[in-house]
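Fold and geometry: a report
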Amino acid sequence: MAESKKFPFPGIPTTSDGAGTVVWVETNISQGACAYPITSSTTMGGGFQVAVSNGWKNLWGETLAFIEPESEHSSASSCEGFAVAGGRVTNFTSGQGLVLMKEVLYTISGKRLPVVFHIGSRALTSHSLNVHAGHDDMMAVADTGWGMLFAKNAQESGDLALIARRAAEASETPFLNAQDGFLTTHTVENVVLPEKEFMKQYVGDPNKKLRNLMDPDNPIMSGVVQNQDSYMKGKIAQRYFYQRVPNALQEAFDEFYRLTGRRYDFIECYKMEDAEYAMIAMGGMSETAMATVDWIREEKKVKVGVINVWSYRPFPGAQLVTALKNCKAVTVLERMDDPLAPSNPLTRDLKAAFSDALTGIFNMPKVDRIPPILSSAAGLGSRDARPGHFWAVTQNMMAAKPKQFFCLGIKHPLALDMDEDPDVRPEAAFSMRGHSVGGFGSVTTNKVIATIAGEVFGAHVQAYPKYGSEKKGLPTTYYLTIAKDHVRTHCELEMIELVVLNDTNALVSGNPLLGLADGGAVFMQSDKATPEEVWSGIPDYAKRTLREKKAKLYYLDMVKVAREVCSSPDLLMRMQGVVLVGTFMKVTPYQKRLKLTDEQIFEGIEKVVRKYWGKRGEKVVAENMAAIKRGFLEFKEVPAQAMKSESKPMAAAGGAQ
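The model shown is predicted, which means the values in this text are computed figures rather than measured ones.

For the rest of this paragraph, the subject is the overall build of the chain. A count of helical and extended segments in the chain gives 25 helices and 22 strands. Scaling as 2.2 N^0.38, a compact globule of 657 residues should have a C-alpha radius of gyration of about 26 Å, and the chain matches this with 26 Å. Principal axes of the C-alpha set define a box for the chain whose edges measure 90 × 65 × 50 Å. Every one of the 657 residues in the chain was classed for burial, and the buried ones make up 59%.

Pasting the structure below:
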């Protein structure tokens, strides 16, 4: 993180997900949004609309506009009209929504309208419906003449929103700013939000920068029909604008660094100075690969590096060739699969860049060899991409006969087997995995806990959910890691110190204790009156695990607490999840480690509660605080002596109702 003494705008420390950082930027710098948000971009559109409803004004004192037409295609057309009239406008979309806009995307770039759209990048329905992360949507519109940036975490989502805007307006070229759907849009992390004064200086007043094509005093003809005599002349003339994009984007990167200390570029090289092998990716997989590379170098003594591609358009061919030309082998990791093409898109572009370099054309750096370029499909539809997979990728590059194309994370003849899955979390990290049901409020509770840990404990956090498109009423898993340093692993947690069972049916539908650390803890919903009754209801396999791990077992009837403190039936189910906040604060080591009194803990919690629910009134704040305090004070522990006893197992203990 940048030091404040060196850079005038180091940022405002807080916690946010990727959607939140984008909303912060756009509600300050834009004049309006025209959007028909689709999962997983919905939280961006919703955040912008809330700001409009609350009368939020941008940095120039203008009241924001939010227009929601009947479809994504119409929302893109509305953005076109907004921008044609000289307005600074944005949009939020995903997946099929972005593809439905494609016709209009060509029109926007053809009219040189410098808009910025924000994408929760998502798999397309090329096999079945999936609302989770994939880069299919971005690749589907890569030929529309837009700049394309990819963020790998929540911090970058907001930063690149600003960078894209400055570059777009400098080059009169629209930009897409993408982040992985759910894996970044919904993941809460420590961030520094750009200061308002910085944003005002960095992007400038839209009223002074943008061109109104509909100004009757300066009429301009656009969107006309052209025949054989004219169309090609205008199309090729567009290259004048596109030739400006790389320099405009580089200037935006450089100025952003000068003012904030946060460095961006076309590509990001990690441990590439002496790398013999390299992995290339876009989005969150890059960061998980970086954490894994540290482990590989230390434990396996293999010189491997990672390249994260921030700018897919303009494509950084020369930069990639320069960084990779001395490698023994290179693997490209892509969140999509295009089986009928020669290669998947990023692989295809990389091979083209090396071909140009080898033949010495297009001002590419001259090379005398092309390293083996291997390709993979990984993380499709948010399929887990783990540290062990990236070690398997490295092993494949080192093999005498490597697989030239492979996939990760599934059982298939093309898949690489994972023989070791290392723990690459930061030192002294504490992780929690919760098992719940959609609608219980557990995902929001997890965000609240992460915010408390970040803002009250001063720790680095990462919190994110895993659920299907069905959401409400079906199983949900949520993850949280607290650490001293930035958490780089964007994958499901299988090494955990605390298991939470909001839904104890998880004990009979799977093994929720998988990966529990020695000396770890389990906290569960139970309506049983005594520790012995709680213990008797736990399946035999779970009892064995708890004994072998010497784990602690805590319980509380969160449903009963929620009923007693919540006056609104609509909030009853969600309130039972809120109870966990209090118990978490007590059973984890942070209060003791930081020597915080109960009063200091509750004071910090209340600030966060007001951040999330303050606008709903004092009564809602008071009820949430009452639930949290009871979770803090009333949970119970099953004594070690009771855990030694044998009794007839039941299906599950208690169970959320």
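What follows deals with the nonpolar core. Phe117, Met138, Leu176, Ile280, Leu324 and Leu350 are the most contacted members of the largest nonpolar core, which has 49 residues in total. Per-element accounting of this core gives the leading share, 5 residues, to helix α15 (residues 345-359). Sequence-distant contacts of Leu324, that is, excluding residues within four places in its chain, are made with Met272, Ala278, Ile280, Ile307, Val330, Leu350, Phe354 and Pro371. Among the nonpolar cores identified, the runner-up in size contains 47 residues, and Leu556, Met575, Ile601 and Ala627 belong to it.

Taking strand neighbours across the sheet as the criterion, the 7 strands line up as β3-β2-β4-β5-β7-β6-β12 in an open arrangement whose pairing is mixed. Only two strands of the sheet have a single partner each, and these edge strands are β3 (65-67) and β12 (311-313). Across the sheet, the mean angle separating the axes of adjacent strands is 20° when strand polarity is ignored. One ladder, built from 2 bridges, connects strand β2 (residues 32-34) with strand β4 (residues 89-93); its direction is parallel. Each residue of the ladder has a partner; that of Gly32, found in β4, is Val89. Docked against the sheet, helix α7 (residues 154-171) engages β4, β5 (116-121), β6 (147-150) and β7 (175-180), running at close to 165° with respect to β7.

The next subject is the environment of Cys566. Here Cys566 is to be found in the loop between α21 (558-565) and α22 (572-587). Put simply, Cys566 and Asn624 are 58 residues apart on the chain and 8.1 Å apart in space, counted from C-alpha to C-alpha. Residues in contact with Cys566, not counting those within four places in the same chain, are Leu571, Leu572, Met575 and Glu623.

Of all 6 residues in strand β19 (residues 496-501), 6 are buried, a share of seventy percent or more. The pairing of β19 with strand β20 (residues 516-525) spans 5 bridges and is parallel. Residue pairing in the sheet places Ile496 in a bridge with Leu516 of β20.

Put simply, α21 and helix α25 (residues 618-634) touch, their axes get as near as 10 Å, and they point 145° apart. For α21 against α25, the interelement crossing comes out right-handed. Where α21 approaches α25, its residues Lys560, Val561, Glu564 and Val565 are matched on the opposing element by Glu623, Ala626, Ala627, Arg630 and Glu634. Here the contact of α21 with α25 is composed, by residue class, of 4 nonpolar, no polar and 5 charged.

This next bit is on the packing of α7 against helix α8 (residues 196-203). Axis separation between α7 and α8 bottoms out at 10 Å; the angle between their running directions is 20°. With respect to their mutual orientation, α7 and α8 come out roughly parallel. In terms of crossing hand, the pair formed by α7 and α8 is right-handed. Seen from α7, the contacting residues are Leu162, Ile163, Arg165, Arg166 and Glu169; seen from α8, they are Phe198, Met199, Tyr202 and Val203. Partitioned by chemical class, the residues of the contact of α7 with α8 number 6 nonpolar, no polar and 3 charged.

Right, let's get into the state of the cysteines. For the structure shown, the criterion picks out 0 disulfides. The closest cysteine sulfur to the non-disulfide-bonded Cys327 is located on Cys269, 9.5 Å from its own sulfur. Note on Cys327: relative accessible area 2%, which makes it buried.

For the rest of this paragraph, the subject is the pairing of strand β8 (residues 188-193). Of all 6 residues making up β8, 5 are buried, and the element is well covered by its neighbours. Here strand β1 (residues 12-16) pairs with β8 via 5 bridges, running antiparallel. In the strand pairing of β8, Thr14 is matched with Val191. By the bridge criterion, 2 bridges tie β8 to strand β17 (residues 460-466) in an arrangement that is antiparallel. Bridge assignment links Val188 to a residue of β17, and that residue is Ala463.

Turning our attention to the side chain of Thr481. Mapped onto the secondary structure, Thr481 falls in strand β18 (residues 475-483). Note on Thr481: relative accessible area 0%, which makes it buried. Among the polar contacts listed, one links the side chain of Thr481 to the side chain of Ser431, at a separation of 2.8 Å. Non-local contacts of Thr481, meaning those with residues more than four positions away in its chain, are made with Ala429, Phe430, Ser431, His460, Val461, Gln462, Val487 and Leu493.

Next up on the list: the packing of aromatic side chains. Scanning the model with the defined rule gives 23 aromatic pairs in all. A ring pair is formed by Phe7 and Tyr257, whose centres lie 5.4 Å apart and whose planes are at 65°; its orientation type is edge-to-face. Of the two residues, Phe7 is situated in the segment before β1 and Tyr257 in helix α12 (residues 245-260); the sequence distance between them amounts to 250 residues. Accessibility expressed as a relative area gives 30% for Tyr257, which makes it partly exposed. The aromatic ring of Tyr202 is capped on one face by Arg166, whose charged end is 4.8 Å from the ring centroid. If you follow Arg593 out to its NZ or CZ, it ends over the ring of Tyr590, 5.1 Å from the centre.

The next thing to look at is the sheet that holds β17. Hydrogen bonds along the backbone pair up the strands of a sheet, which may run parallel or antiparallel. Here 9 strands make up an open sheet; going across it, the order is β1-β8-β17-β18-β16-β19-β20-β21-β22 and the pairing mixed. Unpaired on one side and paired on the other, β1 and β22 (636-638) mark the two borders of the sheet. Here the strands of the sheet are splayed against their neighbours by 25° on average, with no regard to which way each runs.

It is worth spelling out the side chain of Ser121 at this point. Relative to the helices and strands, Ser121 resides in strand β5. Within polar-contact distance, the side chain of Ser121 engages the side chain of Asp137 at 2.8 Å.

Attention now goes to the environment of Val620. Turning to its location among the elements, Val620 is positioned in helix α25. On a C-alpha basis, the gap between Val620 and Arg488 in space is 35 Å, while along the polypeptide they are 132 residues apart.

Attention shifts here to the environment of Asp337. Within the secondary structure, Asp337 is located in the loop between β13 (329-334) and α15. Along the chain, Asp337 and Ser126 lie 211 residues apart, while their C-alpha atoms are 9.8 Å from each other. Leave out the neighbours within four places in its chain, and Asp337 touches Asn344, Ala377, Leu380 and Phe405. Within the structure, Asp337 has its side chain in polar contact with the side chain of Asn344 (distance 3.3 Å).

About the criteria used
- Residues numbered from 1 in each chain as written.
- Predicted model: local features only at pLDDT ≥ 70, side-chain atom pairs only at ≥ 80, totals over all residues.
- Heavy atoms only, no water.
- Helix = DSSP H or I, 4+ residues; strand = E, 2+ residues; numbered from the N terminus.
- Rg over C-alpha atoms; globule rule 2.2 N^0.38 Å.
- Buried < 20%, exposed > 50% of the residue type's maximum accessible area, 1.4 Å probe, protein only.
- Core = buried A, V, L, I, M, F, W, Y, C linked by side-chain atoms within 4.5 Å.
- Contact = heavy atoms within 4.5 Å.
- Pairing = 2+ DSSP bridges.
- Axes fitted to C-alpha atoms, helices over the stretch in contact; angles between N-to-C directions.
- Left-handed = near helix turned anticlockwise from the far one by under 90°.
- Nonpolar A, V, L, I, M, F, W, Y, C, P; charged D, E, K, R; others polar.
- Parallel < 35°, antiparallel > 145°, perpendicular 65-115°, else oblique.
- Disulfide = S-S within 2.5 Å.
- Polar contact = N/O pair within 3.5 Å; in protein donor to acceptor, adjacent residues only side chain to side chain.
- Phe/Tyr/Trp six-rings, centres within 6.5 Å; stacked < 30°, edge-to-face > 60°.
- Lys NZ or Arg CZ within 6 Å of the ring centre and 35° of its normal.

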